[in-house]
2 protein chains.
Amino acid sequence: MKKLFIPFLFLLGIIGLTSVSLKKFEEGMFPLSEIKHADLSKAGLKIAATELYNPNGISITDAIVRVGGCTGSFLSNEGLIVTNHHCAFSFVQAISNVKNDYIKNGFLAGNKEQEVPAQGLVCKITASYRDVSLEVLEGTKNLIGIERLSKIATNIKAITQKENAANKDLQCEISEMFTGKTYVLFRYKLLKDVRLVYVPPVSIGAYGGELDNWVWPRHSGDFAFLRAYVAPDGTAADFNKNNVPYKPVKFLEVNKNGVDENDFVFILGYPGRTYRHQPAGFYAYHEKYFLSYISTLYNWQIGYMEQLGKSNDELRIKYAARIKSLANTAKNFEGKLQGFKRVGLSATKQNEEKELQQFIATQPDLMEKYGQVIPQINTHYNTIMKNAMRNMWFDQVFNMSPWIFASATLAGYQQNYATLKTAAERKSFIETEQAQIKKAMAKPLAMIDKNTEIDFTAKMLFDASQYDATNEIAAVKNLLGNKKTLQEITNLVKLMYQKSKLNNADLIKQMLENDLQKLLTTKDVMIDFSKQLYAEMKVYDKEDMERDGALSKLMAQLIEVKQTWQQRNFIPDANGTLRFTYGFVKGYSPNDGLYAKPFTTLKGVIEKSDTMEFQLLDIIKQLYAKKDIADFAHPALGDLPVNLLYNLDTTGGNSGSPVMNKKGQLIAINFDRAFTATINDYAWNEAYSRSVGVDVRYMLWVLQKVAGANHVVNELTFSQ
Amino acid sequence: MKKLFIPFLFLLGIIGLTSVSLKKFEEGMFPLSEIKHADLSKAGLKIAATELYNPNGISITDAIVRVGGCTGSFLSNEGLIVTNHHCAFSFVQAISNVKNDYIKNGFLAGNKEQEVPAQGLVCKITASYRDVSLEVLEGTKNLIGIERLSKIATNIKAITQKENAANKDLQCEISEMFTGKTYVLFRYKLLKDVRLVYVPPVSIGAYGGELDNWVWPRHSGDFAFLRAYVAPDGTAADFNKNNVPYKPVKFLEVNKNGVDENDFVFILGYPGRTYRHQPAGFYAYHEKYFLSYISTLYNWQIGYMEQLGKSNDELRIKYAARIKSLANTAKNFEGKLQGFKRVGLSATKQNEEKELQQFIATQPDLMEKYGQVIPQINTHYNTIMKNAMRNMWFDQVFNMSPWIFASATLAGYQQNYATLKTAAERKSFIETEQAQIKKAMAKPLAMIDKNTEIDFTAKMLFDASQYDATNEIAAVKNLLGNKKTLQEITNLVKLMYQKSKLNNADLIKQMLENDLQKLLTTKDVMIDFSKQLYAEMKVYDKEDMERDGALSKLMAQLIEVKQTWQQRNFIPDANGTLRFTYGFVKGYSPNDGLYAKPFTTLKGVIEKSDTMEFQLLDIIKQLYAKKDIADFAHPALGDLPVNLLYNLDTTGGNSGSPVMNKKGQLIAINFDRAFTATINDYAWNEAYSRSVGVDVRYMLWVLQKVAGANHVVNELTFSQ
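Note that the coordinates shown come from a computational prediction; the quantities given were computed from them, not determined experimentally.

Q: Pulling in residues and values, what's your account of the overall build of chain A?
A: Counting its secondary structure elements, chain A contains 27 helices and 20 strands. Relative to the 2.2 N^0.38 estimate, which gives 27 Å for 720 residues, the radius of gyration of chain A is 28 Å and therefore close to what a compact globule would have. Taken along the three principal axes of its C-alpha coordinates, chain A extends 75 × 75 × 60 Å. Looking at chain A as a whole, 55% of its 720 residues are labelled buried. Of the contacts made within chain A by residues no fewer than 6 positions apart, 78% connect residues no fewer than 24 positions apart. Between the centroid of the 85 positive side chains of chain A and the centroid of its 76 negative side chains there is a distance of 1 Å.

Structure follows, in structure tokens:
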């Protein structure tokens, strides 16, 4: 590591220049239509823009595939797909058991016959697109609120149906690019028979587990190989032994020389959701209310469950997955909150909106058309913030308490059932809804622990009792009466628990199977409470939808006038459609006094290997001891590169995206962001936005040396 | 931070060269006698070696002062001393109360009259030294074991008494430089009237608390100012209003331009203890047994107390200090264990010893004289490791359980008392020992919580019950009988707790005050157990002392033959005497993928300020918002430097040491080591050994801008 002791002064010149002159290129998740507007050759791309995307021919874009909620890319003309370990994990989990523990040992098909279906996984390839904004917004000009939203939904449904009828082998979807303003229809080729080829052991694919999640330095081999199959005639087909490997029109070459710091790289993938074009009120709401409420509530739950687990192994194991999921979100949200503070995001957005309003005020025609847009949006956000606690509570209460979820669900069914007049109607209702009712009751029936249930419910009721008058929840107020302390409320919940039938799983099961009518008419203390809760929530839901409708139109106007003001087009927020992003391999300073180097190495994998979360395979230790890193050493590091950092603009959904070099060759698989880059969802930032990928050299080394998967390596095409 | 994005390849050349060519200079805590052997001008020192240390004149060494267990330096000709906040903390704590909370608000004397005595603090200045090895070892040639140790102790006592009689104003101490081999007599000038001048608020002086302890990046203002006073005639005197400020023969100039990365720096100070010259067995014992046993046991205690504290605020507060102390050690030991593993220390030492033995075997005269040294040492260490569990258990059991401590203490007194024949003897015993007995019982009387007491005792008994035959503790075995599980053992302890009088504080107090005879004869279930424990321990203690005696002689021979082998003299281990260490301001890579930059800044202080452990004064936030960092900006960082890293060889005791530049001017106050540098105690390592100092620019800024202590700043002398 001696190589990196840096003389401070010396670096100033070089680095200052580089980052200033290139900064403007790096933000943005470009839709396909916008790629041509980026000056990519100046940034460092050495191939023509048409090699990236070419609506009239073959391009790299054709090698990109949506893998469930993730991204992947084709690496051979026999449908071989590379994506992330965490994108393939649930499919490996589904075929694992005590005898064949593929999670622990990894899964490797020795040949095509041994490949196993990834049950339920559907892949998509973007075939083409067209702007359908005019058609989607047809007839909405004079509509407001819910009515406008409904009309848009109706138009979308009609267009989609028509398109799907005309394109039998494609699936058509319409995506909203700018809220209430721009809509694009995408046609996707579906691949419904996808099989597992190689998924590394979890100790490689998720090395470091929760501890390293959202963290740099990272040392994870988060990659996996799948293969797509189609019917012999090339059309999409469900799993069938007679299916044949899909021949993509394009697959990526792999460059095993990798990249160096400051090299140009780009990604094509399917980022899920960002919030770059929201009004200032949105950011204020997220910073002040949403992020902190959720992370605090989740951390409270995690703390409760961890404490329980300390003295109860059974509960510790049962709660592990839930803790993991909550921790993932809580850590992400804490990163976002840190980012909000560091970059002063809310204030920046507020100032920007003030300037925009001043600009509008200078021109009478703009003033007439847009003068009220920002004030009206602000009014809506003031209401959102005024009622934030109540609405967030309603969003969380059913997750917190399966018991409340169960009672509210039953309350709904009971109310509908009660309106039926005749015995025949009731019989028909039961026949029709039976499956749905059973499904809805599955979660509450899987309740894990009575005390957790009681304490979580009491916590939510206590929280609600603390809210101010504008956030008062009448049903809770009525229930609690003059009970104030958490202890009093917990006692009340205990009493309700004893009285309620919903906690008797046997009884519920018996009623579900044999006497659904009884379940739909039974009197229960919790169902009574939930009926009130449900009725109240419906009122607020209606208000929300009206507001969403109004905001949809206002947001469209806001973008319009912002474009007039800034004299430029904007890149739409991520929405699960195919995007291009580019930038450079780059380290960064996550905190004052620290510099995150852009590469980690096998040495670091070994260094981490002495703790709980880092169970390392013996073979990796042995290979390291023998210095057997084949010919995959990074020249400057003198070691096998494992993960790398780059300042590209990614978010969830970009998992598994190929990271390509200036020639469009695969050099890494994207799989995560650094902690400071969780703010990406709201704003890309040169200082903090870094994404993390698996270096192809580590991937190839694992395939060759650890998995002995030479047949997979041999299927790849290496660039010269 | 953009300035630090580093192009990898570029740096290789420069840095590689620098660190290789200078590496040999940087290890070592040189005694004064060795400074002249270091090629300091080649390393970068711009003043003559005689300006560092000059036995015949005035030098920088005369400005260094031992401050209790820490180090300080004189900064004015009126006895002004700078040291660490954590070195002055207990004295500020002693004068703080609810009304005058100097801990929270800081302490500042507006003038000399307002300075407050640091009660009990004695400072020392090294006046001179001489080698007394021959005198200390006189008459020991044919002695072995305990007898040799006793003779050495007797000689040391005699020499010291004679010296002290001859030097009335000096205190003489003899320090062992190489075990059983080299001894140096140091003469110290004492300063017994030391007063507080300025101690910053704890939120500056210990910013980050336990969380940031042993951590980089660090943002702590860990400095404090004291003043030494002497009698009007210049002799040492206890506090007296008529005392006058001490005029040191030398004080340091302050350089407010600070230093940059790669600059030469050095430290003079009083490092406490290192273990660089131990036999290979010593390192194996520490890695395999000592460090992991202690850190595991301490973490167990911490976990227990933290869990208790979650539901009990009173216990949470009462246990806070104990948790802090245990956590400090546990974290340090975990760092050491990581270091052992990373640098492969035990294996290196073992190989070195094998090579040495091979060298000895090549020369018959060496073989005759030293051939058995290493084998004999190994035999002793094999015994140490064989009985490690038992001996470590005995070392910890009295700390774990005040109850066992109390009963063992009383058991000792009771045994002595029982041997007395006459009433007169017994009366005399009580009169003589009364004060000691009361003192010994103070700790057990301050027991905090019954359940903790029971659980800690049960834990120790259970642990002992798990040891193998060679570590069996007979007293425990007899007590437990066939009780095996922790639950059974806990129940037994509960029963003993009920039966034992030692848990009745009122009864004990009453006996201590009014009926000591009863206490010295009372029958008690715990005293009975402790008598056996105590008797057993005495046997092991005797074995230990015999072994220490034998090892003392063997170690002297080991060093002798090692010097013959390596054809060079060694730098002795730190032993609380004045040492010189030098090196460079340097960042480093604490973990693969990370680079710790050598400076932190005020920006980082602000960034950390939103969490529990980082309570920041509003005035600092306001000054930062105004960018008011006076003229203290680091030119390359463009911000106020706060802490810095350097690769000097320091350990505990170096706290408060002045860090000086190539001209001997003060540029920082040393206060901690990085986590990876905890291994320093066993081996300095270029890759990991980094110490941490407060930049003088932050110190001056806090004095001027935060404390408004211009009169302190004005007393300093700034270099041009």
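Q: Describe in detail the state of the cysteines, supporting the description with residues and values.
A: Throughout the structure, instances matching the rule amount to two disulfides over all chains. Each disulfide pairs two cysteine sulfurs, and for Cys70 of chain A the partner residue is Cys87 of chain A, the sulfurs being separated by 2.1 Å. Measuring the twist about the S-S bond at about -90°, one finds the Cys70 of chain A-Cys87 of chain A disulfide to be left-handed. Taken together, the positions of Cys70 of chain A in strand β3 (residues 70–74) and Cys87 of chain A in helix α4 (residues 85–95) put the pair 17 residues apart, joining distant regions of the chain. Assessed through its relative accessible area of 11%, Cys70 of chain A is described here as buried. The class for Cys87 of chain A is buried, based on a relative accessible area of 10%. Cysteine Cys123 of chain A is unpaired, with the sulfur of Cys70 of chain A as its nearest cysteine sulfur at 9.9 Å. Taking relative accessible area as the criterion, Cys123 of chain A reaches 0% and is therefore assigned buried. Between Cys172 of chain B, a free cysteine, and Cys123 of chain B, which holds the nearest cysteine sulfur, the sulfur-to-sulfur gap is 18 Å. Accessibility expressed as a relative area gives 3% for Cys172 of chain B, which makes it buried.

Q: Residue-level account of helix α7 (residues 145–166) of chain B, with values.
A: All names here are of chain B. With 22 residues, α7 extends 32 Å between its outermost C-alpha atoms, agreeing within 8% with the 32 Å of an ideal straight helix rising 1.5 Å per residue. Of all the residues in α7, the buried ones are Gly145, Ile146, Arg148, Ile152, Asn155, Ile159, Thr160 and Glu163. Against β7 (123–131), α6 (133–137), β8 (170–178), β9 (182–191) and α23 (525–566) lie the buried residues of α7.

Q: Can you tell me about the sheet that holds strand β14 (residues 579–584) of chain B, naming the residues and giving the values?
A: All names here are of chain B. The eight strands lie next to each other as β1-β14-β13-β18-β19-β20-β17-β16, forming an open sheet whose pairing is antiparallel. Across the chains shown, the open sheet's two edge strands, defined by having one partner strand only, are β1 (30–31) and β16 (599–601). Where strand β13 (residues 264–269) meets β14, six bridges bridge the pair, whose relative direction is antiparallel. By the bridge assignment, Ile267 is partnered in β14 with Thr581.

Q: I'd like a description of the pattern of salt bridges, backed by residues and values.
A: All chains considered together, the criterion is met by 58 salt bridges over all chains. Of the charged contacts, one joins Glu686 of chain A and Lys586 of chain A as a salt bridge, the two residues approaching to 3.2 Å between their closest N and O atoms. Here the residue Glu686 of chain A occupies a position in the loop between β19 (666–673) and β20 (691–695), and Lys586 of chain A occupies one in the loop between β14 (579–584) and β15 (594–596), the gap between them amounting to 100 residues. We note that Glu686 of chain A, like Lys586 of chain A, is buried. For the salt bridge of Arg195 of chain B with Asp193 of chain B, the shortest nitrogen-to-oxygen distance reads 2.7 Å. Counted as one network, the salt bridges with shared partners bring together Arg130, Glu135, Glu163 and Arg187 of chain A.

Q: An account of the sheet that holds β19 of chain A is requested, with residue identities and associated values reported.
A: Residues and elements named next belong to chain A. Ordered by their spatial adjacency, eight strands build an open sheet running β1-β14-β13-β18-β19-β20-β17-β16, and the pairing between neighbours is antiparallel. Only two strands of the sheet have a single partner each, and these edge strands are β1 (30–31) and β16 (599–601). This element, helix α26 (residues 696–706), spans β16, β17 (641–646), β19 and β20 of the sheet and lies at about 40° to β20.

Q: Go over the nonpolar core, please, and point to the residues and values.
A: Judged by nonpolar contacts, the single largest core of 153 residues is most densely connected at Phe225, Tyr698 and Trp701 of chain A together with Phe225, Tyr698 and Trp701 of chain B. Apart from the residues lying within four places of it in its own chain, the contact partners of Trp701 of chain A are Leu602, Ile620, Leu623, Asp628, Ile629, Ala630, Phe632, Leu640 and Val706 of chain A. Listed in part, the 88 residues of the second largest apolar core include Ala330, Leu356, Tyr682 and Ala683 of chain A.

Q: Account for the packing of aromatic side chains, naming residues and giving values.
A: This structure, assessed with the given rule, holds 68 aromatic pairs over all chains. Centroid distance Phe580 of chain A to Tyr582 of chain A: 5.6 Å. Interplanar angle 25°. Geometry classified as stacked. For Tyr582 of chain A, a relative accessible area of 2% puts it in the buried group. Ring geometry for Phe223 of chain B against Phe225 of chain B: centres 6.1 Å apart, planes inclined by 75°, an arrangement best described as edge-to-face.

Q: Describe the pairing of β7 of chain B, and please don't skip the residues or the numbers.
A: Residues and elements named next belong to chain B. Note that strand β2 (residues 64–67) and β7 share two bridges and pair antiparallel. Its bridge partner lying in β7, Val67 is registered against Cys123. With eight bridges connecting them, β7 and β9 associate as antiparallel partners. Residue pairing in the sheet places Ser128 in a bridge with Arg187 of β9.

Q: I'd love a proper account of helix α12 (residues 345–361) of chain A, names of residues and values included.
A: Residue and element names in this part refer to chain A. Taking 1.5 Å of rise per residue, 17 residues should cover 24 Å, and α12 covers 24 Å from first to last C-alpha, within 8% of that figure. Within α12 the residues assigned to the buried category are Leu345, Ser346, Lys349, Glu353, Leu356, Phe359 and Ile360. Taken around the axis of α12, the buried residues stretch over an arc of 145°, which confines them to a single face. Residues Lys354, Gln358 and Ala361 are exposed on α12 and point more than 90 degrees away from its buried face.

Reading the values: the criteria
- Residues numbered from 1 in each chain as written.
- Chains lettered and ligands numbered in written order.
- Predicted model: local features only at pLDDT ≥ 70, side-chain atom pairs only at ≥ 80, totals over all residues.
- Heavy atoms only, no water.
- Helix = DSSP H or I, 4+ residues; strand = E, 2+ residues; numbered from the N terminus.
- Rg over C-alpha atoms; globule rule 2.2 N^0.38 Å.
- Buried < 20%, exposed > 50% of the residue type's maximum accessible area, 1.4 Å probe, protein only.
- Contact = heavy atoms within 4.5 Å.
- Lys, Arg positive; Asp, Glu negative; His and termini not counted.
- Charge placed at Lys NZ, Arg CZ, Asp CG, Glu CD.
- Disulfide = S-S within 2.5 Å.
- Expected span 1.5 Å × (residues − 1).
- Pairing = 2+ DSSP bridges.
- Salt bridge = Lys/Arg side-chain N within 4 Å of Asp/Glu carboxyl O.
- Axes fitted to C-alpha atoms, helices over the stretch in contact; angles between N-to-C directions.
- Core = buried A, V, L, I, M, F, W, Y, C linked by side-chain atoms within 4.5 Å.
- Phe/Tyr/Trp six-rings, centres within 6.5 Å; stacked < 30°, edge-to-face > 60°.
- Arc of directions from axis to C-beta.

Honestly, that's just the spatial picture; any functional story needs more than this.
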